[in-house]
Amino acid sequence: MAGITQPDRPRLSIADFRVFAATRPDEEHWELIDGAAMMMAPPTKAHQRIASNLERLLNDALRRFNPSLAAYQRAGLNLAPVSKDYDPEPDVVVIDADDPADERYSDRFYLVAEIVSTSDRKKVQLKRRMYKLHETCTCVLAIRQDRYEVRVDRRTDAGWGETLLQQPNDALVLPEFGLRCTLADLYRDTPLNPRRLP
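Calculation rules
Residues numbered from 1 in each chain as written. Predicted model: local features only at pLDDT ≥ 70, side-chain atom pairs only at ≥ 80, totals over all residues. Heavy atoms only, no water. Buried < 20%, exposed > 50% of the residue type's maximum accessible area, 1.4 Å probe, protein only. Helix = DSSP H or I, 4+ residues; strand = E, 2+ residues; numbered from the N terminus. Arc of directions from axis to C-beta. 1 Å grid on protein atoms, 1.4 Å probe; cavity = no way out; pocket = protein on both sides within 12 Å on 5 of 7 lines; lining within 4 Å. Points joined across faces, edges and corners; volume = space filled by probe spheres on them. Nonpolar A, V, L, I, M, F, W, Y, C, P; charged D, E, K, R; others polar. Phe/Tyr/Trp six-rings, centres within 6.5 Å; stacked < 30°, edge-to-face > 60°. Salt bridge = Lys/Arg side-chain N within 4 Å of Asp/Glu carboxyl O.

J.: Describe helix α1 (residues 14–22), naming the residues involved and giving the relevant values.
T.: Listed as buried for α1 are I14, F17 and F20. Projected down its long axis, α1 carries its buried residues within an arc of 120°, all on one side. More than 90 degrees from the buried face of α1, the exposed residues found are A15, V19 and A22.

J.: Give me the lowdown on the layout of surface pockets, citing residues and values where you can.
T.: The computed volume of the largest pocket comes to approximately 730 Å³. Lining the largest pocket are 30 residues, and of these R74, G76, E89, R104 and Y105 lie nearest its centre. When residues of the lining of the largest pocket are traced back to their parent elements, those giving at least two are α1, β4 (69–73), β6 (92–96) and β7 (105–106). Ranked by residues supplied to the lining of the largest pocket, first place goes to α1 with four residues. Among the residues forming the lining of the largest pocket, the class breakdown is twelve nonpolar, four polar and 14 charged. Estimates place the volume of the second largest pocket at around 160 Å³.

J.: Account for the packing of aromatic side chains, naming residues and giving values.
T.: Summed over the entire model, instances satisfying the criterion amount to two aromatic pairs. Both rings, one in F109 and one in Y131, keep their centres 6.4 Å apart while their planes meet at 80°; by these two values the pair is edge-to-face. On the criterion of sequence distance, the pair formed by F109 in the loop between β7 and β8 (111–116) and Y131 in helix α3 (residues 121–133) is long-range, its members being 22 residues apart. When its relative accessible area of 0% is taken as the criterion, F109 is described as buried.

J.: Could you give me a rundown of the pattern of salt bridges, with the residues and numbers involved?
T.: Between side chains of opposite charge, a pair can form when the charged atoms approach closely. On inspection of all chains with the given rule, the structure shows 15 salt bridges. The salt bridge involving E162 is made with R128; its shortest N-O contact spans 3.3 Å. On the criterion of sequence distance, the pair formed by E162 in strand β11 (residues 159–165) and R128 in helix α3 is long-range, its members being 34 residues apart. Through salt bridges with shared partners, a single network forms among R128, K132, R147, E149, R151, D153 and E162.

Shape is all these values report; function is a separate question.
In structure tokens form, the structure reads like this:
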């Protein structure tokens, strides 16, 4: 969901980007992608619903399975240890539940999910690579908003593995987060799985 790029600006470091972002109104959402400040366009309703569904499903699972973790939407992640020119704000993240509530950025994150539109697939591919370099990240989800498709990257003892789910009844199973749901659950109340009216 890429928005406005600032082509006349020089390549920014994370520190420079954060100074710039601090001057912008709260309703604007900016990310640093490959050294460029990018303003994010408002998300579609389907995008918002998928993110909300995933956040709820994860938090329900984590309350039962591992209450020391919590899922949030649009939390900033500190990628400085692995990249000097990425400062993302993913759609959903799983971080430590005891992270201070007034912090904008988390140093430790375990799951990252990006809701993908047709226009931002390349940007999300770059971000997936950056997330996987971080030592605490164990799962990266790339979720298409226009069709049933969830790409699941999971870290195992043997390295990173990838699974592609594409059917409404396919199970999204993330045992390390206590999550088991179908893609239909994830896409509930979107055009792909609309709400049934009486």
